[in-house]
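Chain by chain, the residues run as shown.
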Amino acid sequence: MTERPVGRHLAATLANPRADRVKQVAALAGRSARRRAGQVLVEGPQAVRELVAHRASHVRDVYVLEDALASRGPLALIADAALEAGLHVHPVSADVARALSADSQGIVAVASSAAVFSQFPSAPRLVAILSQVRDPGNAGAAIRVADAAGADAVVLAGDSVDPTNPKVVRATAGSLFHLPVVRAESLADAVTAAREAGLAILAADVSGATELGSPQGPDLTGPTAWVFGNEAWGLSADELSLADRVMRIPIFGRAESLNLGTAAAVCLYASAWAVRR
């Protein structure tokens, strides 16, 4: 049996669910508390594992169920990695785990918001731009897809959902910590940054005159930024005018449309396949 690393970073067990520390961590589920503290709450084994593996320098504390440490299960392995990275690991009682987060699955971490936000990369090949995307699950799914397709960044433009929203963090399944996530005040700002980085701008919209995959489509082997709009109303005429081309995903069956995550997967993988061929 592998022994758990011990040292000054393993704290005493937290057993009081009404302790100030517990209340402060739980409050990070709210946007105003996250902004005031400049911190993000990361819940669940997969997200915490990827946070520790890829953003350890931004992690403040890890809280893990005491019984999970004793049983030497998967959560204990994540705690081991956190300890090896020099992080503070706090064993917690079951009551405290529930008070910290209803979605903790036995482990949560607190990190600086810098673990999420980045600058626009200098020489990207593939970028996803989300404009006015407000549903946390959709935004998280799109970030996860962008990571899977090998994108270099995701930009959340305009009045898009806060990527530190716990629902977004969970929906990314750890991908939030694999690639840069950038905030832009508007889609115009995001497109300007993308053009300055040498990217062609393609918008995905049902109004597109060109069908994705058709011979008349653009060359997808070059550096490209794909723009995806709001879940309910898509991209406005002004937003579409910012793109070099507007592409339509063909519907071969009787479905009315694709959801945001699926549309992002189709478009981003089209670019990824084109480059790899």
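Residues numbered from 1 in each chain as written. Predicted model: local features only at pLDDT ≥ 70, side-chain atom pairs only at ≥ 80, totals over all residues. Heavy atoms only, no water.

Visitor: I keep staring at unusual backbone geometry and nothing clicks. Help me out?
Guide: Trans peptide bonds make up the majority, and among non-glycine residues the majority have a negative phi. The phi angle at Arg72 is positive, at roughly 60 degrees, despite the residue not being glycine. Tracing the backbone shows Arg72 in the loop between helix H4 (66-71) and helix H5 (74-84). In this structure, Gln105 is a non-glycine residue whose phi angle is positive, near 50 degrees. (Helix = DSSP H or I, 4+ residues; strand = E, 2+ residues; numbered from the N terminus.)

Visitor: Quick question: what am I supposed to make of the nonpolar core here?
Guide: Generally speaking, a soluble globular protein has its nonpolar side chains buried in company with each other. Val42, Val62, Trp226, Phe228 and Leu268 are the most contacted members of the largest nonpolar core, which totals 59 residues. Among the elements that line this core, the one with the most residues is helix H11 (residues 260-276), at 7 residues. Judged by nonpolar contacts, the second largest core, of 21 residues, contains Val182, Leu187, Ala194 and Leu240. (Core = buried A, V, L, I, M, F, W, Y, C linked by side-chain atoms within 4.5 Å. Buried < 20%, exposed > 50% of the residue type's maximum accessible area, 1.4 Å probe, protein only.)

Visitor: Explanation requested: the sheet that holds strand S6 (residues 153-157) in the structure shown.
Guide: What holds strands together in a sheet is hydrogen bonding between their backbones, with the strands either parallel or antiparallel. The strand order across the open sheet formed by 7 strands is S7-S6-S5-S10-S8-S11-S9, and the pairing between neighbours is parallel. Either end of the sheet is taken by a strand with one partner, and the two such strands are strand S7 (181-184) and strand S9 (210-211). When strand S8 (residues 200-204) meets strand S10 (residues 224-228), the two strands line up parallel, connected through 4 bridges. Directly across from Ala200, in S10, lies its bridge partner Thr224. Those strands touched by H11 are strand S5 (126-131), S8 and S10, and its axis lies near 165 degrees from that of S10. (Pairing = 2+ DSSP bridges. Contact = heavy atoms within 4.5 Å. Axes fitted to C-alpha atoms, helices over the stretch in contact; angles between N-to-C directions.)

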